[in-house]
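If you want the building blocks of each chain, they are given just below.
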Amino acid sequence: APPTGGMAPPTGGMAPPTGGMPPPTGSMPPPTGGYPTGGYPGSSAVPQGFADPEGGSWDSQGYGAQPNQGAQAPQGGTRNAIPMPPGGMPGGIPPGGTTGPGATPAQPQVQFFNPAAIPSKKAGPAGAGAPTEQMAGMSIGGRGPAQAFNLGEIPQCPQDGVRTAQSYIEDQVGQSNPRYMQCSVGAIPASQAVAQKFSLPMAVTIHPLNDPPVAPGYSAVPVVNFANAGVVRCRRCRTYINPFVTWLDAGRRWRCNVCGLLNDVPADYYCSLDSSGKRRDHAERPELNFGSVEYVAPADYMVRPPQPPTYVFCIDVSARSVQSGLLTEVANTILANLDKLPGGSRTQIGFVTFDSSFHFYCLKSSLQEPQMLCVADLDDPFLPLPSELLVNLVDSREQVESLLRKLPSMFSATVNPDSAFYPALQAATAMMQHVGGKLMIFHSVIPSLGRPTVRPREDTSLLGSEHEAKILNPANDVLKTHALEVCSKNQISVDVFCCCEHYTDLATISPLAKYTNGQLWHYPGFYAARDADTLRTDLTRAMTRQMAFEAVLRVRASRGIKVQAFHGNHYLRGADLLALPTCDMDKSFSCDLMHEEQNLTCSHVCIQSALLYTTSDGERRIRVHNLNVPVTQNFVDLYSTIDVPTTMNSLLKSAVEQAQNTKLIDARSKIQSACVQSLRAHRLMNNCPLPDRIKLLPLYVLAALKNPVLRDGVAVRSDDRVNLMMQVGSFPTPMVDIFLYPSMYAVHHLLQGSAGTPDSNGEVALPPCLRLSQESLEGHGMYLLDNGMILLLWIGKMVDRQLLLDVLNVNDAERLDGAKVTLPILQSEVSRRLINIVNKIRSVRPYAMPLYTIRQGGASEQTFQGWLVEDRTLSTMSYSEWWDALGRQLQ
């Protein structure tokens, strides 16, 4: 069971094997002369009894992980299974979750369209505004019109397997790269009335630190130091100088492109203009050429001197942590990554462990051995040696390494089952509140001592009901208050690694990460023999990724436009300032824009984000990203320039907030309503065919309704839904894209083209993407599905034996259902190509991306079917039915 906000691994099959997939003795060699051009042999007929998808539960997030390379297949013998971990496989499929033609629907009549989500028409037969799907026979909207509005052909599914960020603004000169900043439309409506009719959000997604790999010593964005001139900004709105300002009075003044104010140019920044009105040094000024720049901040941008990067690890040492292998894996992974922690010689480090009490460790460089200091007073935690618990990593390296090597043996004989989670949290934050930094908490049992304790409160009768929001919100505000008043206030960001065997009440624990821009990592039923590689991969990334400290983020927009709402994991200080104790390369934020004036008078709307932060090297920087979006009077421009994935990023985040504030059905209705109202507005205003780009919106809306984060019913448990909601909160647009509509590839056709083969630059091309439907699957085939969090390898019943040998080094797939595997390095061409493809996918994802095998007809197949979003389920239409239903609504 992996972590990281993914879905839980498929279950119901054999326990995951240890150490990858050993080859059977005497395995068959690859056929001489390569493979047939048409792929692997096998019947082209799909076997009878191919189960219809039920939208099966994908009920936990987190998965085991694999390293980003193939593992050498061990020699000898057949594949051996490890014992089933206590509590069974994580994220198990609930009882009764059967699939197939003989499955009995739990609700024979289901309502896909919600009456509240579909605007009622002023004219038309009764019921036309609230169409209902009958599973026995489609009946859309009672007595609807004889002929529906023709939406055109169903569009092709997304073909970019990586889902690279795109920009649809026509003029790209001076714009920020879409990897940093994206707008949901390529043109802003000129009036408030048009924006309201459009019904979809004018949203901006900001991924401020999403830098591509660069050589050591180089910066991904230009760095500007104004020195004596100071940072050049507008006096009124405080916008930073950018490529879209205009120059007047022979270069002595400049007009702000956000508020229109004329500003004087500082003497040290002055330059005369050429005949075109540009500064003569224009080409030498990165801030006037590039949409993304970083300014070196002077002393007046600092409340205090930059603090050293500080990492505190708070580790559960209870009996469950020891027995599951969590303590050993955490200690070994931290030890292996000490050299990779950001900050170099400035980095500080500290440790706290806890069970029924909590323990500090004095790691002064003058000591021969680390000293453990135990505190048993849980009601009034205190620091026994306040100045000696945080140490410089370079100075105390020997003591830190000694502690990490000894930790597993120090508690190896413990039988203590308790967890003083909250007192340990108080102690850890007290340790570091004078400097701030990153706090990582690892726990394997629910908090049982101190305040607050966690009591199971998941009532299955509430799942899928209008009262489900009660268990999606904290049982109390103790941890939220601590996150805001202690952590955020003192620049402490918290990552929580939840490795509990059963129920965790993530809703109560998650505010620690949510309001400090940290991260929640969920490993349900953690068991080291299965999940250790996942934990190692995720913890390594959490420790070593690019990190900004003591950060705040502000978004500014041109006069007449304002920020309506922010979405994501952060604390909003004031109206428009995001407080971010730390911000890493995987975190993104979304905001919705709205008109504050009836009509815009400008020709372009400038949107500027500014992240003020401290680098790990102790330098105060301001990272600025700019977009300059044209204003349009043409309603059709909004539809022809829409960025559907960025639109869905905003819609999905706001729907998650709606589900927590009211109820899940309101969140589903909100997304449906936005889609139908926008398409209807286009129909009424233009009465012309839909532009190709907007045609993907219904597909993504349907996918969102079938996704575990918003899926209705009782299949998704509260811990799993909360975990997904936390992950969605920090998703950038490409992750939302792949999470809603995963990429699926035919492995058995890899040899037909060049997919999986590195080109002259070492780049690996991905195969063509297939539609997410049972119709795309062949019984003799093998398919790889990537949802951004895990990889699923579906194996047909009639798959060729040679293909199994060439990919997995096994003779049959009977024991592979629900198994977590590491692809063995084999001599076959298809093996080399598949490993290259898997490594390519993992290289662009922020999660461990473990690989699970799914056998056709096996108990875990409904997990795979849950991602086939174009197929019909018990509660939602198929894509073709939804497409036709929309046409009826728009007649």
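Structure's up top.
Just so we're clear, the structure is a prediction, and the values are computed from it rather than from any experiment.

Peer 1: Please provide a residue-by-residue account of the sheet that holds strand β27 (residues 782-786), values included.
Peer 2: If you walk across this open sheet you meet the 5 strands as β26-β27-β28-β30-β29, and the pairing is mixed. The sheet is open, and its two edges are formed by β26 (743-746) and β29 (819-821), each paired on a single side. Each adjacent strand pair in this sheet contributes to an overall mean axis angle of 25 degrees, direction not counted. Contacting β26, β27, β28 (791-795) and β30 (851-855), helix α18 (residues 829-843) runs over the sheet at an angle of about 10 degrees to β27.

Peer 1: Summarise unusual backbone geometry; cite the residues concerned and give the values.
Peer 2: Peptide bonds are mostly trans, and most non-glycine residues show a negative phi. Located in the positive-phi region is R238, a residue other than glycine, with phi close to 70 degrees. The residue A250 is not glycine, and still its phi comes out positive at about 60 degrees.

Peer 1: I'd like a rundown of the side chain of S650, residues and numbers included.
Peer 2: Note that S650 resides in helix α12 (residues 644-661). If sequence neighbours within four positions are ignored, S650 has contacts with P201, A203, H567 and D592.

Peer 1: How would you summarise the nonpolar core if you had to cite specific residues and measurements?
Peer 2: A general trend in soluble globular proteins is that nonpolar side chains are found buried together. With 179 residues, the main nonpolar core has F313, I334, F351, L439, I607 and M648 as its most contacted residues. In this view, F313 contacts I334, I349, G350, F351, V352, M440, F442 and M543; residues no more than four positions away in its chain are not counted. Formed by 32 residues, the second largest nonpolar core is a distinct cluster that contains V807, A819, V830 and L851.

Peer 1: Report on the packing of α12 against helix α14 (residues 696-706), specifying residues and quantitative values.
Peer 2: The contact between α12 and α14 brings their axes to 10 Å, and the two run at 35 degrees. Relative to α14, the crossing made by α12 is right-handed. Between α12 and α14, the residues in contact are V644, M648 and L652 and L696, L697, Y700, V701 and A704, respectively. Grouping the amino acids of the contact of α12 with α14 by side-chain chemistry returns 8 nonpolar, no polar and no charged.

Peer 1: Give a detailed account of the sheet that holds strand β5 (residues 202-206), specifying residues and quantitative values.
Peer 2: If you trace the 4 strands from one edge of the open sheet to the other, you get β3-β5-β23-β20, paired in antiparallel fashion. The sheet is open, and its two edges are formed by β3 (181-183) and β20 (561-567), each paired on a single side. Within this sheet the neighbouring strands show an average axis-to-axis angle of 25 degrees, counted without direction. Here β5 runs beside strand β23 (residues 589-595); their pairing, made up of 5 bridges, is antiparallel. What sits directly across from I206, in β23, is F589.

Rules behind the numbers
Residues numbered from 1 in each chain as written. Predicted model: local features only at pLDDT ≥ 70, side-chain atom pairs only at ≥ 80, totals over all residues. Heavy atoms only, no water. Pairing = 2+ DSSP bridges. Helix = DSSP H or I, 4+ residues; strand = E, 2+ residues; numbered from the N terminus. Axes fitted to C-alpha atoms, helices over the stretch in contact; angles between N-to-C directions. Contact = heavy atoms within 4.5 Å. Core = buried A, V, L, I, M, F, W, Y, C linked by side-chain atoms within 4.5 Å. Buried < 20%, exposed > 50% of the residue type's maximum accessible area, 1.4 Å probe, protein only. Left-handed = near helix turned anticlockwise from the far one by under 90°. Nonpolar A, V, L, I, M, F, W, Y, C, P; charged D, E, K, R; others polar.

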